[in-house]
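So you can see what is in the structure, the chains are spelled out below.
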Amino acid sequence: MICFSSRERSRALVLAFLLPLVLHVRAASADEREPRASLPARDQLDADVSLVPDGLGTIFVPALEATAPADVSVVVRQDGKTVAIGSLGRKIPVPPGHYTVFVGAGPIDARASTEVDVTEGRTSDVAPEFGVLRVALVDPRGRPVEDTFTIAHVTSGRSYGPFTTVAREGARPTIPLYLPRGHYSLALGSNARAEEGSFACTVVGGEILPLKVVVDDGRLVRTDVGEADVAPAKGPWKLRWVLAADGSLGSRSNQLGSFNGQSLMIGGFTKLDLALDTGRHLASFSLLADESAVGILAGSGTSTSETPIQKLTDDVRAELAYTYRLGGVVGPYAHGMAMTSLLPTRYHPGRALDATTLAPDGSVARQERFQTGESYRLFPEMGPLVLQQGAGVGTAFEGDVVRFALRGGVAARQAFFFDGRYPVELAGDNLRLQQIGDVKTFGAEASATLGMRVHGLVDLDSRLDAFLGEDQFGALFDGVGTYRPVYRWDNSAAVRLGKFVSLVYTFGLRRDAQAIERDQVAHTLRLRFAWSVF
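Residues numbered from 1 in each chain as written. Predicted model: local features only at pLDDT ≥ 70, side-chain atom pairs only at ≥ 80, totals over all residues. Heavy atoms only, no water.

To continue, consider the packing of aromatic side chains. If you walk through the whole model with that rule in mind, you get eight aromatic pairs. Ring geometry for Tyr-347 versus Phe-370: centroids 5.9 Å apart, planes at 40°, classification tilted. Here Phe-370 lies in strand β23 (residues 364-370) and Tyr-347 lies in strand β21 (residues 345-347), a separation of 23 residues in the sequence. Exposure remark for Tyr-347: the relative accessible area of 5% places this residue in the buried category. Between Arg-407 and the ring centre of Tyr-333, over which it is positioned, the NZ or CZ distance is 5.2 Å. Here the basic side chain of Arg-528 rests over the ring of Phe-269, its NZ or CZ set 4.1 Å away from the ring centre. (Phe/Tyr/Trp six-rings, centres within 6.5 Å; stacked < 30°, edge-to-face > 60°. Helix = DSSP H or I, 4+ residues; strand = E, 2+ residues; numbered from the N terminus. Buried < 20%, exposed > 50% of the residue type's maximum accessible area, 1.4 Å probe, protein only. Lys NZ or Arg CZ within 6 Å of the ring centre and 35° of its normal.)

What follows concerns the side chain of Asp-139. Along the chain, Asp-139 turns up in the loop between β8 (130-138) and β9 (148-153). Within the structure, Asp-139 has its side chain in polar contact with the backbone nitrogen of Arg-143 (distance 2.8 Å). Not counting chain neighbours up to four residues away, the residues in contact with Asp-139 comprise Val-145, Val-214 and Val-215. (Polar contact = N/O pair within 3.5 Å; in protein donor to acceptor, adjacent residues only side chain to side chain. Contact = heavy atoms within 4.5 Å.)

Tracing the backbone shows Ser-341 in the loop between β20 (330-340) and β21. Among the polar contacts made by the side chain of Ser-341, one reaches the main-chain carbonyl oxygen of Asp-314 at a distance of 2.9 Å.

Looking now at empty space enclosed by the protein. Counted by the stated rule, this structure contains five cavities of 30 Å³ or more. Taken as a whole, the largest cavity spans an internal volume of roughly 100 Å³. Along its surface, the largest cavity is lined by 14 residues, and Met-339, Arg-413, Asp-465, Tyr-487 and Arg-488 are the ones closest to its centre. Going through the elements one at a time, β20, β30 (458-469), β31 (486-496) and β32 (501-511) are the ones with two or more residues in the lining of the largest cavity. Looking at side-chain class alone, the lining of the largest cavity contains six nonpolar, one polar and seven charged residues. Each pocket or cavity is described by its volume, and for the second largest cavity that value is around 50 Å³. Along its surface, the second largest cavity is lined by Tyr-333, His-335, Met-337, Gln-388, Arg-407, Gly-408, Glu-445, Ala-446, Ser-447, Asp-465 and Ala-466. Of all the elements in the fold, those that place two or more residues in the lining of the second largest cavity are β20, β26 (402-416), β29 (439-454) and β30. Among the residues forming the lining of the second largest cavity, the class breakdown is four nonpolar, four polar and three charged. (1 Å grid on protein atoms, 1.4 Å probe; cavity = no way out; pocket = protein on both sides within 12 Å on 5 of 7 lines; lining within 4 Å. Points joined across faces, edges and corners; volume = space filled by probe spheres on them. Nonpolar A, V, L, I, M, F, W, Y, C, P; charged D, E, K, R; others polar.)

This brings us to the pattern of salt bridges. Considering all chains together, one arrives at 28 salt bridges under this definition. Salt-bridge contacts for Arg-317 lead to Asp-465; the nearest nitrogen and oxygen are separated by 2.4 Å. Remark: Asp-465 occurs in strand β30 and Arg-317 occurs in strand β19 (residues 309-324); sequence separation between them is 148 residues. Judged by its relative accessible area of 10%, Arg-317 falls in the buried class. The class of Asp-465 is buried, set by a relative accessible area of 7%. The salt bridge partner of Arg-369 is Asp-354, with a shortest N-O separation of 2.7 Å. (Salt bridge = Lys/Arg side-chain N within 4 Å of Asp/Glu carboxyl O.)

Moving on: the sheet that holds strand β28 (residues 430-435). As a general point, the strands of a sheet are linked pairwise by backbone hydrogen bonds and lie either parallel or antiparallel. An order of β23-β22-β28-β27 is seen for the four strands of this open sheet, with the pairing classed as mixed. For this open sheet the edge positions go to β23 and β27 (421-427), each flanked by a neighbour on one side alone. Strand-to-strand, the axes of this sheet are offset by a mean angle of 20°, without reference to chain direction. Sheet topology places β27 next to β28; six bridges connect them, and they run antiparallel. Considered in β28, the bridge of Arg-421 is made with Gln-435. (Pairing = 2+ DSSP bridges. Axes fitted to C-alpha atoms, helices over the stretch in contact; angles between N-to-C directions.)

This part takes up the pairing of β8. The buried fraction of β8 amounts to nine of the nine residues, a majority that puts the element mostly inside the structure. The two faces of β8 match: Phe-130, Val-132, Arg-134, Ala-136 and Val-138 on one face and Gly-131, Leu-133, Val-135 and Leu-137 on the other face are all buried. Strand direction decides the pairing type here: β8 and strand β11 (residues 174-180), joined by seven bridges, are antiparallel. Across the sheet, Leu-133 pairs through a bridge with Leu-177, a residue of β11. Where β8 meets strand β14 (residues 208-216), seven bridges bridge the pair, whose relative direction is parallel.

Glancing now at the sheet that holds strand β4 (residues 92-94). The three strands lie next to each other as β4-β1-β7, forming an open sheet whose pairing is mixed. At either margin of the open sheet sits one strand with a lone partner, and together these are β4 and β7 (123-125). Here the average twist between neighbouring strands, direction ignored, is 30°. Taken together, the three bridges between strand β1 (residues 57-60) and β4 define a ladder with antiparallel strand orientation. The residue of β4 that forms the bridge with Thr-58 is Pro-93.

A separate point is unusual backbone geometry. Omega for the peptide link from Gly-161 to Pro-162 comes to 5°, which places this bond in the cis form. Its place among the elements puts Pro-162 in strand β10 (residues 159-164). Of note, the phi angle at Asp-419 is positive, near 60°, even though the residue is not glycine. In this structure, Asp-419 sits in the loop between β26 and β27. Judged by relative accessible area, which is 54%, Asp-419 ranks as exposed.

In this section: the environment of Arg-240. With respect to the element layout, Arg-240 can be found in strand β16 (residues 237-253). Note on Arg-240: relative accessible area 44%, which makes it partly exposed. Residues Arg-240 and Asp-273, spaced 33 residues apart in sequence, show a C-alpha to C-alpha distance of 5.2 Å.

Summarising the model, the chain shows a mean pLDDT of 82, and 83% of its residues fall at 70 or more. Confidence drops under pLDDT 50 across residues 1-34; counting only partners more than four residues distant or on other chains, this segment forms 29 contacts. (pLDDT = per-residue confidence, 0-100.)

Attention shifts here to the environment of Arg-413. The topology assignment puts Arg-413 in strand β26. Judged by its relative accessible area of 8%, Arg-413 is buried. Apart from the residues within four sequence positions on either side, Arg-413 is in contact with Met-339, Val-386, Leu-387, Gln-388, Val-439, Lys-440, Thr-441, Phe-467, Val-486 and Asp-512. Among the polar contacts made by the side chain of Arg-413, one reaches the side chain of Gln-388 at a distance of 2.5 Å.

Structure, rendered in structure tokens:
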């Protein structure tokens, strides 16, 4: 049984009236987003009206912050054994004796420690042998960034971390660290002893040191003293526009709107994404243009050209979509998209050829002689042009690391080839070309997107669009005829080498029309110089 003195019984009566108010004040402090210093040590002690059983004394370690991290604690040990575990700013009852008090988080030997003697009926105040280092990583504009840092104690060499900051909407990107007083080295990355990208700082017992570490393109620029701003709340509008130039090695086959073979290319790339996202309503517009026109070529398959100047990659894609998300997750959608090539496509023969063009029904449309040094029209400007409008049900998710989208429904598709043709076979000096007729049809569509972004260094993206025309349902379900789905599968993997430089690998697999027998394949390895306008 625990006995209380008359003085303590009087305090208990007062506690009955004051405790609700004290709890309300403490709860209000815990809910505040802004980190702030705690009350003076004497005020903290007076505010703690907890009862202490007879025969015990108490240990009190003042708090430096109004709200300490959940993993920070006060551990009281005697002869290597833990006697009690408490919180900063709260009395810890223990029997009289000599103790070692450890304050901080993590392993005991990594915490600040103090020797203290406890007397019965008295409170032993412990002077803080620890300090608080608040670290925030920001860009040169002061905006929070996600990155990793590590801290090492200069004298002992002990490392703390690595720690990873966050830059989520409405969040404070500060990491509070409770450390023994002393001199420390802070470095970006997981190597606390890195010679580059590090700086020295001093943790003073009983004090809080807020630091803003300015990081630019993975490099430590400078450090400023002061609190970091809360990550700004994102509005409903989202805008991103990237301009890029690249040099690349590519291999292409069975392409309709560009060169087939191996090539060393120089080109440009731009991507615009505009969205209005209110949670339930999502309206978006995207535009992608991938162009290259100069290269050192090595023809293959149906190509004999070694002309260094001609169109190589010419891919333009635009999409306008609206999704109504029930519960902010899944719901009906409607969209329209267009795919085309801006520049005309021409064939450059490396030697004189007899060319035969077949009509869509297999008859001979025309025969002609291709002469060396000349170029011959395959597709005009804006050809081929594919339009597709669809509606159905879809869902989408975009997090800090993973993003995905999935949708399916019915669609109408119009493919305009403008009497265009593409090379099918080269046998000796005889070239056979196939003309493609325009197609207007209804059917089913499906689309799947999966992406991953890792610490802003690696970005993986994959998108598959498929369309099944009404004339293909019999081939699919009855096994009659040849089933040739219309689809487009684009993949990319980008590794960031610098602030504006990335190494990008792209792989594309597609069929633009059901009449095309072979899949169109494209591999490209690019050194890309990109700049984000927004």
